[in-house]
There are 4 protein chains.
Amino acid sequence: MISEQRIQELNHSLQDDHQFRFNFLAEWLDRRGIAVQEIIDQVAAFQVAIPSWALGTGGTRFGRFPAGGEPRNLEEKIEDIGLLHRLNRSSDSISLHIPWDIPKDVPALQQLLAENSLTIDSVNSNTFQDQPDQPFSYKFGSLCHTDASVRNLAIQHNIDCINYGKALDAKTLTVWLADGSNFPGQQHFRRAYQRTAESLASIYESMPADWTMLIEYKPYEPHFYSMVIPDWGTSYSLCQYLGQNAQVLVDLGHHLPNTNIEQIVGRLLHFGRLGGFHFNGSMYGDDDLTTGSIKPYQFFLIFNELVDGMTDPAVKNPSLAWMIDASHNTKDPLEDLLQSVQSILTTYTKALLVNRVALSQAQEGNDVVVAEELLKDAFQTDVRPLVAEAMRQSGGALDPIAAYRAAHIREGLIQKRGKLSIATGL
Amino acid sequence: MISEQRIQELNHSLQDDHQFRFNFLAEWLDRRGIAVQEIIDQVAAFQVAIPSWALGTGGTRFGRFPAGGEPRNLEEKIEDIGLLHRLNRSSDSISLHIPWDIPKDVPALQQLLAENSLTIDSVNSNTFQDQPDQPFSYKFGSLCHTDASVRNLAIQHNIDCINYGKALDAKTLTVWLADGSNFPGQQHFRRAYQRTAESLASIYESMPADWTMLIEYKPYEPHFYSMVIPDWGTSYSLCQYLGQNAQVLVDLGHHLPNTNIEQIVGRLLHFGRLGGFHFNGSMYGDDDLTTGSIKPYQFFLIFNELVDGMTDPAVKNPSLAWMIDASHNTKDPLEDLLQSVQSILTTYTKALLVNRVALSQAQEGNDVVVAEELLKDAFQTDVRPLVAEAMRQSGGALDPIAAYRAAHIREGLIQKRGKLSIATGL
Amino acid sequence: MISEQRIQELNHSLQDDHQFRFNFLAEWLDRRGIAVQEIIDQVAAFQVAIPSWALGTGGTRFGRFPAGGEPRNLEEKIEDIGLLHRLNRSSDSISLHIPWDIPKDVPALQQLLAENSLTIDSVNSNTFQDQPDQPFSYKFGSLCHTDASVRNLAIQHNIDCINYGKALDAKTLTVWLADGSNFPGQQHFRRAYQRTAESLASIYESMPADWTMLIEYKPYEPHFYSMVIPDWGTSYSLCQYLGQNAQVLVDLGHHLPNTNIEQIVGRLLHFGRLGGFHFNGSMYGDDDLTTGSIKPYQFFLIFNELVDGMTDPAVKNPSLAWMIDASHNTKDPLEDLLQSVQSILTTYTKALLVNRVALSQAQEGNDVVVAEELLKDAFQTDVRPLVAEAMRQSGGALDPIAAYRAAHIREGLIQKRGKLSIATGL
Amino acid sequence: MISEQRIQELNHSLQDDHQFRFNFLAEWLDRRGIAVQEIIDQVAAFQVAIPSWALGTGGTRFGRFPAGGEPRNLEEKIEDIGLLHRLNRSSDSISLHIPWDIPKDVPALQQLLAENSLTIDSVNSNTFQDQPDQPFSYKFGSLCHTDASVRNLAIQHNIDCINYGKALDAKTLTVWLADGSNFPGQQHFRRAYQRTAESLASIYESMPADWTMLIEYKPYEPHFYSMVIPDWGTSYSLCQYLGQNAQVLVDLGHHLPNTNIEQIVGRLLHFGRLGGFHFNGSMYGDDDLTTGSIKPYQFFLIFNELVDGMTDPAVKNPSLAWMIDASHNTKDPLEDLLQSVQSILTTYTKALLVNRVALSQAQEGNDVVVAEELLKDAFQTDVRPLVAEAMRQSGGALDPIAAYRAAHIREGLIQKRGKLSIATGL
């Protein structure tokens, strides 16, 4: 849809302004002793996985308003993500959803992935919906179900996911468990937890030794009284039960109102149990908005913990899985994803700028104002030229969304796939 | 599905226990100067409308697990509600949803309604979904839309709803407006409000003089940044703008965390602007659970305000519309509705028992403990025998859910309509 | 202030009504196979500790409106609690707050306690305020402080508390840590946690082997950005770090909006790490209202978990510490405490009535409606006659608050201690 | 404490860096068609009132950790605010709290104010605390009280406040009513509202015709069940009842979790009923943190509404009162206030940069991405050089906090006023 050459042409017209802004910022940071190119290299190296399930227009229980041109199969999804990656050079992998995206012709897929410089980063199981041919229903739970037949079905589905992933060189199984209850009394809390722990152990044992199981938590929705894994404490306890290759996954929208998420991030890093992120934006709950669209400062504070933990030799935490998990109800899904990646990179860049030596001194001396101002200084710095420069140096677009629009990509996709195409899984 | 005679037979086996419990309670209340039969008569007279859209299994954006036997058209929906009413004698009307339940053969419908002792209580417009043949999309709003063509379409739809309602002797138009925005900047708050006010005025002018327009509010979902009518204050201001026949509708799930809903109820009664209720249960948001299933004491405090306001001559508020609006994702929808009505009647009964003279004295004298204990005394009284007696005297079942199960109604519905029938609108 | 004989006289006038209500309930429960006297015995045996710091009028940062007659020293506090216990026979112990209630003449205190049939149940440390003679300030934390001098001061204070407790035969140290931060950047989350863990370990090692350390959590206040121990997951991880005698304490007001507290209770019981409760009522946050005054059904669901866990042989959890922790800003503190105990006992009684065999069957079979109705049936049963009977059989008042008022106790206390007496600690 | 000359000296050392950053930004904005000096002039003209009650260390109900050097009387408070204004040239007025700061020698005060280039912007009444000599208590309310004697006392106090204000040329009475209830049943909602409305009317009638009454709302604290004026809808209805000179005051910390405050701001501007702001920062409730310290993007969106409304000729809203209302529990109060003003000006500047023509076009065309990006572009622009330049041009410090620290002002205040001085009102 858009060639590298076309991207370079589009960059050309923006180059003057970019250079002007970048030169200023590089000089200003240099005056303050910051190694600008090192920052750029780190930003360029940061890659965020794109979910295969979020390339079409999402919706709520009240409705869906599709934009057209949605990818009709896994191959078209790979094409879409390849396009994103060509634009921003920062989306080099895919989170695969099973059964919406069961790989059929593996060698062909591997070739297509290679052509697009993409890999499969993780497989995500789905035991929150019944599939047409399913012998037992997940209506009352999957891994937690009171009936062993249902639990075994869900365990086997997760093992199938691992096998699909192995064929495509993934190393991560992400488990989001929708199990829960809508009414007091419906579920016995302790037994539901224990059944879940044992089901997860069966899956864990089937996982190759170099794989990681990511366990997500969520306080409510689709159940509105209780969820079996509602909070980080429950995820963490399950990881302890399972073993070293189980880690907690943090989805930014899965918290009760007013939760200090950055502290949870620091806590899990301290325990060596932070496995990865589902990035999205949230105002009320699991709103699945564009990452960074509602509370960009909190998002910065989260990245501040991440950078702090990842650079602290005292922290024994494995490397993290970065994934977007959002629902594009209103915007063009591809524009929404470009915005999210941009927001992630911008925020990561700001966190890299924090003067950690000075911060640590202020914290030790309880100089609250200075400590806070150090964070605010990094946050208020307009780092967009650094992100643009990282993309430029990697061969991407200075302004990916502008390039996407200039190339009339959505129009092309609609022409090719039709106005009424529906992405698998929607 | 169940005859009145069968209901009497089922009552027979419960009669001894009922009489034992009722006799005690009647005697105990009588000792305290309460006119028991008057309470029973008030409970028997209390009727709650059933929504035509909630007779099938509901769901979330993550999935739906249908129970089978769902009504396939409006006629079958009327049958289902007739069944409920036969069981509890407290559900004598229907909230109609357009376009899911457009009446076709009006005389036949009127006859069916009469056979089931039912009426149509209100019509509910839907401008939150696009219908297949729709010339313009509601993706970016309806009554608030920036484009007059869309607004006119939505206005006309509401006028159509009024006309459908007129044919069936309804007197109420309920407007729930899903209009809102998902991102900062998307919508100009002031202009969106003004366009909405003017669109509502166009509808209001088309409404017969003896009709009421109920304006619902909701803080979020399906939009997750802003809603055009997020709170009671906005609904109220729109009612002031429109005229005396516009009233605020309170849906119990449409509030931010920790909202004191009973105070809003008192406030609107004071202003003479409380139009009606959408009953349901909520733990986190618009969870649409069974009424009274999560916070029964708050529900009692709401009814305490209602009874207080409805019996206070100082309050100039028109009579209220009582409707259920829930989503039956987990339970058999008909059992869920029976539970909700039971919960509403039980709670209303408790509110009727409050000693308002003593309460007023305690309030005037700031005797906080006594005032609170007066409410708690009514709440803690086990009034279920009064509700059962009201149903018995009206010809209904002493225990509607037990009767529903004893008569194997769901099994019969599945046999008749099939395991895979889908209710219109789902 | 009130003799046992006077209590009996006051009971006499209420006896007829009580007997009428009790006879009905006993008969009704008997018909359903419930051993009524066993329930009564369990209720009579249930004892709730009264906090020494909550006998005077509490307040907010905006002001305090004292009622008069507050206890001026520990001896008068013991008198007040002795009075409560005489009235309800359910408050046989005291939670002691250090340094507000440092015991001076231990033998005299022991005699006073014995005369009032009271014991000291726990000691509570205070490192959230600076005392006049304190060499270092807790302004920036205590056990988490960056400065070892401050940490050592706080550790020593906790050891002092243990020693005060040992002298009075207490076996529990309750640690509520107000440590936290008001601004992003102020505190290094991981280091603050680690320092806290190590400080707690120093205290834990100084604790006798038959003591329990209870670790409280709280999401905010007095700090409004982060608290070092904000949630049950953090408390739990600290208990794991410390050893078997460390347990989590749940304060009902210390949760974010919409938290499912009953599930946390079940979780901690499953882990064998639930140490005890601080009972109070909450609408918005740590409101410290009368227990059960706002969400009585949630309170019942919590007791349902407790009774379920305490009667399940699979649960390996030590016996629990029950304490009230409230602030009596509006009501007479002694009336408020009587209401709270009454509410706790009523709720416990309801939880004892739950038909656990039937509930377990419904849960196993995913009969959501029946499972819920079993809980609602117990909750809706008016068990007040059982609680009154338990008090009567133990020699207490049928209606403790009525007896308190009839005996004009507050007036007597004001006469004795003055209108302007201030309880130590306020 | 610090002379204008010393400020210039301190600026000198920062001038090079400032000029470098300012030159870049001015050039960049100029390229985009923005009139930089006009922006600077608007920023320089923006003035924020400082509350007389927030110059000492604040606290919570759990304690207070004073920093020393607190102003001991109104004269010293004026000195402190004069100092702030000398540093930032943006704090030219004072919100006065009665009875904490009753003016005694009016001519002397007026001279002191003039010497410090200050004015009195508003008077704030206090009916949430009992004063030592008060004949009736506000324990159960003030303007809403059931007893007319208490209401009259509170009305008279407000009239006294107006008279104090008139003597000092203030034109605004701010009414924050702490009236509410802690328990269900305590207060009759409708009557409490009506009494409040009538009490406010008595005060309103005593107010000069060129005065404004600002009515604040707050959902909870100091009462934890209900507040008489909990939300903007209630404030608004009272303003309608009173007349054109009554306006709603928005305190940023006075909302339920997840409230979209910027929409309320737009709503009130649309109604012409937005009177002013109490600026502070909030994570959980009325945390009273530094303005902009927790949710700077939401704060920007609020200013975006303000600038949009203030520049739209369709909006008929009087000019607004800008005031800080925070509690400095952790930081040096004067540094905290300097940070807050800096944050307000920075945010205002960003809102001034929004391209409103383009935004309006994107909104009309429902181009969600472009609309959002326009806001994000303004927010991400590092406008600190513009704010610094505005201060420089006005004779203030380029970096007020650095200047405050360089001049060792806190040390000087402690030396002069003592380590243990306590600000009146604390």
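Residues numbered from 1 in each chain as written. Chains lettered and ligands numbered in written order. Predicted model: local features only at pLDDT ≥ 70, side-chain atom pairs only at ≥ 80, totals over all residues. Heavy atoms only, no water.

K.L.:
Provide a residue-level description of the interface of chain B and chain D, including the pertinent values.
P.N.:
Opposite the 55 residues of chain B that make contact, chain D presents 55 residues. On the surface where chain B and chain D come into contact, there are 6 salt bridges. Between Arg195(B) and Glu364(D) there is a salt bridge, with the nearest N and O atoms lying 3.9 Å from each other. Along the contact surface separating chain B from chain D lie 29 residue pairs in polar contact (both at pLDDT 80 or more). Listed by contribution, the elements that provide at least two residues to the side of chain B that touches chain D are helix H6 (189-205), strand S9 (226-227), helix H7 (232-242), helix H8 (261-271), helix H9 (296-310), helix H11 (356-364) and helix H12 (368-380) of chain B. Sorting elements by how many residues they give to the side of chain B that touches chain D places H8(B) first, with 7 residues. Residue composition of the side of chain B that touches chain D, grouped by class: 22 nonpolar, 22 polar and 11 charged. (Contact = heavy atoms within 4.5 Å. Salt bridge = Lys/Arg side-chain N within 4 Å of Asp/Glu carboxyl O. Polar contact = N/O pair within 3.5 Å; in protein donor to acceptor, adjacent residues only side chain to side chain. Helix = DSSP H or I, 4+ residues; strand = E, 2+ residues; numbered from the N terminus. Nonpolar A, V, L, I, M, F, W, Y, C, P; charged D, E, K, R; others polar.)

K.L.:
Outline the environment of Leu301(D), listing residues and values.
P.N.:
Secondary-structure assignment places Leu301(D) in helix H9 (residues 296-310). Separated by 297 residues in the primary sequence, Leu301(D) and Glu4(D) place their C-alpha atoms 35 Å from one another. Those residues in contact with Leu301(D) that lie beyond four places of it in its chain are Pro184(B), Tyr225(B), Glu262(D) and Leu375(D).

K.L.:
Could you give me a rundown of the interface of chain C and chain D, with the residues and numbers involved?
P.N.:
Contact with chain C, which involves 43 residues of that partner, is made by 43 residues of chain D. Summed over both sides, the interface between chain C and chain D buries roughly 3,700 Å², with carbon and sulfur atoms accounting for 63% of that surface. Of all residues in chain C, the largest losses of buried area upon contact with chain D belong to Arg61(C), Phe62(C) and Phe65(C), amounting jointly to 22% of the total for that side. For the interface between chain C and chain D, the tally reads 14 residue pairs in polar contact (both at pLDDT 80 or more). For the side of chain C that touches chain D, the residue count by class is 21 nonpolar, 13 polar and 9 charged. (Buried area = accessible area lost by both parts, 1.4 Å probe.)

K.L.:
I'd love a proper account of the environment of Pro257(C), names of residues and values included.
P.N.:
Inspection of the secondary structure assignment puts Pro257(C) in the loop between strand S10 (246-251) and helix H8 (261-271). C-alpha of Pro257(C) to C-alpha of Tyr348(C): the two residues are 91 residues apart in sequence and 24 Å apart in space. With residues up to four places along the chain from it excluded, the contact list for Pro257(C) reads Leu256(A), Pro257(A), Asn258(A), Pro257(B), Asn258(B) and Pro257(D).

K.L.:
Mind laying out the packing of aromatic side chains, listing which residues take part and the relevant values?
P.N.:
For the structure shown, the criterion picks out 104 aromatic pairs over all chains. On the basis of an interplanar angle of 35° and a centroid distance of 5.0 Å, the ring pair of Phe46(D) and Trp322(D) is categorised as tilted. Residue Phe46(D) is found in the loop between helix H2 (36-45) and strand S1 (49-51), and its partner Trp322(D) is found in strand S12 (residues 321-324); the two are separated by 276 residues along the sequence. When its relative accessible area of 6% is taken as the criterion, Phe46(D) is described as buried. On the basis of relative accessibility, which here comes to 10%, the residue Trp322(D) falls in the buried class. What links up through ring pairs into an aromatic cluster is the set Phe46(A), Phe277(A), Phe279(A), Phe299(A), Phe303(A), Trp322(A) and Tyr348(A). Above the ring of Phe379(B), the side-chain terminus of Lys350(B) is found at 4.5 Å from the ring centroid. (Phe/Tyr/Trp six-rings, centres within 6.5 Å; stacked < 30°, edge-to-face > 60°. Buried < 20%, exposed > 50% of the residue type's maximum accessible area, 1.4 Å probe, protein only. Lys NZ or Arg CZ within 6 Å of the ring centre and 35° of its normal.)

K.L.:
Which residues make up the relation of the copies chain C and chain D, and what values do they have?
P.N.:
If you rotate chain C by 180° and push it 0.0 Å along the axis, it lands on chain D with an RMSD of 0.0 Å. What the superposition gives is, in effect, a two-fold axis relating one chain to the other. Taking the C-alpha atom as reference, chain C places Arg61(C) closest to the rotation axis, 2.3 Å from it. Here 100% of the interface residues in chain C have copies in chain D that are interface residues too; the copies meet face to matching face. (Least-squares fit on C-alpha atoms with pLDDT ≥ 70 in both.)

K.L.:
So, the UniProt feature "domain: Xylose isomerase-like TIM barrel" (unreviewed entry) in chain A: which residues are in play, and what are the values?
P.N.:
The positions that UniProt labels "domain: Xylose isomerase-like TIM barrel" (unreviewed entry) are, in the present scheme, residues 103-287 of chain A. Between the C-alpha atoms that bound residues 103-287 of chain A there is a distance of 29 Å. The span itself is 37% helix and 17% strand. (UniProt positions renumbered as here; feature names shortened; annotations may be inferred.)

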